[in-house]
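Remarks on the overall topology
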Amino acid sequence: MEKGVTNLSRFLLEEQRKHPEATGEFTILLEQIAFAAKIISSEVNKAGLVNILGKNESTNVHGEEQQKLDVYANRKMIEALDHTGKVCAMASEEEEDIIEIPDKYPKGKYVIVFDPLDGSSNIDVNISIGTIFGIYKRISEGFNGCREDFLQEGNKLVASGYVVYGSSTMFVYTTGVGVNGFTLDPSIGEFLLSHENIRIPEHGKILSINEANYHRWTPEIRDFVEYIKNIKERKYTSRYIGSLVADFHRNLLKGGIFLYPGDKSNPEGKLRLLYEANPMAHIIEQAGGMATDGHKNILDIKPEKLHQKTPLIIGSRFEVETYLKYMKKS
Ligand code: AHG
Ligand code: MN
Ligand code: MN
Ligand code: MN
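Below, the structure is looked at part by part. Computed from a prediction, not measured in an experiment: that's the story for all the values here. (Residues numbered from 1 in each chain as written. Chains lettered and ligands numbered in written order. Predicted model: local features only at pLDDT ≥ 70, side-chain atom pairs only at ≥ 80, totals over all residues. Heavy atoms only, no water.)

Looking at the coordination of the manganese ion (ligand 2)
Expected angles at a metal are 109.5 degrees for tetrahedral coordination by four donors and either 90 or 180 degrees for octahedral coordination by six donors. Around the manganese ion (ligand 2), the protein contributes the donor atoms E64 (OE) and E93 (OE), which lie 2.1 to 2.2 Å from the metal centre. The class of E93 is buried, set by a relative accessible area of 3%. (Donors = N, O, S within 2.8 Å, 3.2 Å for Na, K, Ca; no water. Buried < 20%, exposed > 50% of the residue type's maximum accessible area, 1.4 Å probe, protein only.)

With respect to the pairing of strand β1 (residues 55–59)
As defined by bridge partners, β1 adjoins strand β2 (residues 65–67) across two bridges and the pair is classed as antiparallel. Among the inter-strand pairings, T59 is bridged to a residue of β2, identified as E65. Between β1 and β2, which pair antiparallel one after the other, the connecting turn spans five residues, and G63 there sits at a positive phi close to 75°. (Pairing = 2+ DSSP bridges. Helix = DSSP H or I, 4+ residues; strand = E, 2+ residues; numbered from the N terminus.)

Considering the pairing of strand β8 (residues 169–174)
Most of β8 is tucked away: six of the six residues are buried. Two strands pair when backbone bridges link them, and strand β7 (residues 159–165) and β8 are joined in this way by six bridges, in the antiparallel orientation. What sits directly across from S160, in β8, is T174. Connecting the antiparallel pair β7 and β8 is a turn made up of three residues. Looking at chain direction, β8 and strand β9 (residues 179–185) are connected through five bridges and run antiparallel. Bridge assignment links Y173 to a residue of β9, and that residue is N180. Counted along the chain from β8 to the antiparallel partner β9, the turn is four residues long, and its residue G176 has a positive phi close to 95°.

What about the site of ligand 1?
In the neighbourhood of ligand 1, 18 residues make up the surrounding shell, with D118, G119, S120, Y240 and Y260 lying closest. Here E276 contributes a side-chain N or O atom positioned 3.3 Å from an oxygen atom of ligand 1. Surface burial for ligand 1 is 87%, taken as the share of its 470 Å² of free accessible area covered by protein chains. Contributing elements (two or more residues each) for the shell around ligand 1: β5 (110–118) and β13 (256–260). (Near = heavy atom within 4 Å. Polar contact = N/O pair within 3.5 Å; in protein donor to acceptor, adjacent residues only side chain to side chain. Areas by Shrake-Rupley, 256 points an atom, 1.4 Å probe, with all protein chains shown as cover.)

A short note on helix α5 (residues 244–254)
Across the eleven residues of α5, nine count as buried, placing the element largely inside the fold. Within α5, the full set of buried residues consists of L244, V245, A246, D247, F248, H249, R250, N251 and L252. Just beyond α5, the residue with positive phi is G255, at close to 90°.

Quick notes on unusual backbone geometry
The residue E57 is not glycine, and still its phi comes out positive at about 55°. Within the element layout of this structure, E57 appears in strand β1. Positive phi, close to 60°, is recorded for N126, a residue that is not glycine. Among the secondary structure elements, N126 is positioned in the loop between β5 and β6 (129–137).

Read these as spatial facts, not as claims about activity.
Following this line, the structure appears as structure tokens:
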């Protein structure tokens, strides 16, 4: 008999059965993140109609003017997770310090990092935005989680994922055994398996970099971009949305490379290691791609600060390996 549609809950249960030691705590966390995603998606889809657009008259630790949807999404992620008893602390782009779990709730053995709303500059102009998350097992002892739980290398992540609020809303995640994508059917409020075992093509056809920064690029970056643009046997196209999640998701499916390198004025680039680069690097490796800061694997970087930035070059193996060759010449 034909297997019916697989919703996220069924898929998580089937995955859980493959791991005899699994306790089901993971499943609860991922389902709660998916729940928050549905709520955020609903707001995003009517953003023009309710008072959710525009600035929140506040700034975050990066000095970025917070959008109302940044703050809203941040709140929904916290509310979906803080009571589960599976988490002992959280960290968010929108919160300067770690988010403690209220005393009234039990604590669990996981910590979660997230970028609640990625691509904020695109909210008011109706371009795809997203949510990014990563889950670690705590390493600290004691009742509450603490900062050291968050300063683990990305290679210690036990799960990573993102939601892209685009022409449809998709939930894409890995628990270290491949990457799977689910599309929200808003008529039934369920994420349905639509992209099983996603693999990024060995080489791409998409070059994704903000060319407005050209004058700040190092010679190696300029040479690499020129090389890619002149590959005879393959014509690349340039695509840059300005939402990491959307640029990443397109390249994951079609192949290519996304670069937000460091430059003369921002040697560490713009993207944050904990809740942007690491979860995406975890996903891309699970899908057969690569992620580097230009010298080392993103997942091997030992974080020193919650909000530290890193150059991020991520995508198909051929293009990222080629980039590394250019960087070695420097
Ligand atoms: P966020 O909205 O969470 O602060 O992230 C924005 C990031 C990322 O989504 C995107 O790739 C990058 O900013 C775009 O930066 P530029 O506008 O400088 O190209
Ligand atoms: Mn931001
Ligand atoms: Mn972001
Ligand atoms: Mn953000």
